[in-house]
Amino acid sequence: DGGITQSPKYLFRKEGQNVTLSCEQNLNHDAMYWYRQDPGQGLRLIYYSQIVNDFQKGDIAEGYSVSREKKESFPLTVTSAQKNPTAFYLCASSTAGTKNTGELFFGEGSRLTVL
Amino acid sequence: GNSVTQMEGPVTLSEEAFLTINCTYTATGYPSLFWYVQYPGEGLQLLLKATKADDKGSNKGFEATYRKETTSFHLEKGSVQVSDSAVYFCAPPFSGGYNKLIFGAGTRLAVHP
């Protein structure tokens, strides 16, 4: 089935460590996104990519990094510079440009806890 | 830019009660409108959508009608179930081009037996 796969579902990290969250999609979508969700709050955009080898910062990019070397993959690295990384991370994808219907397809999320 | 105002939660209902979650939007032109649902511990998934004025989106017993005159897209269900307990997000209207959706906190629905 087509969809978005995020891994791992749960991740524990010690302070000072970098961690990388995986996001893979087989929907042939050009655009991919990373959101952060904190309890009782909305989704905040971290990074987004409209096309391979290109990405832009969202509203809360500090302490995070991404790459888009393949259309199917958009990994997010949470660096030690991120002051409060404990959160639920959601990856999404969509069509782009003139084919964009506006619908976002989300993964199941990754819950990161810093010990 | 396009934006939405969604009623705050939590909303607590008994099983088989009627549900309304209000959503009004600001946008130019004729955007597409979406409702997403997030079940506990999961990502968001599309619940329903409408792409033009007076369209009614429906899914799993939920409905929302695209009201251009009142710029609203209220979510309704005639008889909620415990399994409907989730967070519901009214997404910002999509008017084409780049898709940078900013989601609010959503409305948490708790349905009790």
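Look up a bit, the structure's there.
Since the model is a prediction, treat every value here as computed from it, not as a measurement.

A. Region of interest: the sheet that holds strand β7 (residues 56-59) of chain B. Residues and elements named next belong to chain B. If you walk across this open sheet you meet the 4 strands as β3-β9-β8-β7, and the pairing is antiparallel. The sheet is open, and its two edges are formed by β3 (19-21) and β7, each paired on a single side. If you compare each strand with its neighbour and ignore which way they point, the axes differ by 20° on average. Two strands pair when backbone bridges link them, and β7 and strand β8 (residues 62-65) are joined in this way by 4 bridges, in the antiparallel orientation. Looking at β8, one finds that N59 is bridged to F62.

B. Structural detail: the interface of chain B and chain A. Taken together, the contact pairs 21 residues of chain B with 24 residues of chain A. Counting the surface lost from both chain B and chain A, the interface buries some 1800 Å², and carbon and sulfur atoms represent 51% of this. Summed over the shared surface of chain B and chain A, the number is 1 salt bridge. In this structure, the salt-bridge partner of B:K49 is A:E103, at a minimum N-O distance of 3.7 Å. Summed over the shared surface of chain B and chain A, the result is 5 residue pairs in polar contact (both at pLDDT 80 or more). When grouped by side-chain class, the residues that make up the side of chain B that touches chain A number 11 nonpolar, 7 polar and 3 charged.

C. Molecular detail of the pairing of strand β5 (residues 43-51) of chain A. Residues and elements named next belong to chain A. The pairing of strand β4 (residues 31-37) with β5 spans 6 bridges and is classified as antiparallel. Across the sheet, the residue bridging to Q37 is L43, located in β5. The antiparallel hairpin formed by β4 and β5 contains 5 residues in its connecting segment, where G40 sits at a positive phi of about 70°. Where β5 and strand β6 (residues 54-57) come together, 3 bridges link them in antiparallel fashion. Counterpart to Y48 in the pairing with β6 is Q56.

D. Representation of unusual backbone geometry in the model. Of note, the amide linkage connecting A:S7 to A:P8 takes the cis form, showing an omega dihedral of -10°. Its location among the elements puts A:P8 in the loop between β1 (4-7) and β2 (10-13). A cis amide bond, omega 0°, links B:G9 with the succeeding residue B:P10. If you trace the backbone, B:P10 turns up in the loop between β1 (3-6) and β2 (11-14). A positive phi is found at A:N28, a non-glycine position, where the angle reads about 60°. Tracing the backbone through its elements, the reader meets A:N28 in the loop between β3 (19-25) and β4. Judged by relative accessible area, A:N28 falls into the exposed class, the value being 57%. Of note in this structure, A:N53 is not a glycine but carries a positive phi near 65°. In this structure, A:N53 sits in the loop between β5 and β6.

Basis of the calculations
Residues numbered from 1 in each chain as written. Chains lettered and ligands numbered in written order. Predicted model: local features only at pLDDT ≥ 70, side-chain atom pairs only at ≥ 80, totals over all residues. Heavy atoms only, no water. Pairing = 2+ DSSP bridges. Helix = DSSP H or I, 4+ residues; strand = E, 2+ residues; numbered from the N terminus. Axes fitted to C-alpha atoms, helices over the stretch in contact; angles between N-to-C directions. Contact = heavy atoms within 4.5 Å. Buried area = accessible area lost by both parts, 1.4 Å probe. Salt bridge = Lys/Arg side-chain N within 4 Å of Asp/Glu carboxyl O. Polar contact = N/O pair within 3.5 Å; in protein donor to acceptor, adjacent residues only side chain to side chain. Nonpolar A, V, L, I, M, F, W, Y, C, P; charged D, E, K, R; others polar. Buried < 20%, exposed > 50% of the residue type's maximum accessible area, 1.4 Å probe, protein only.

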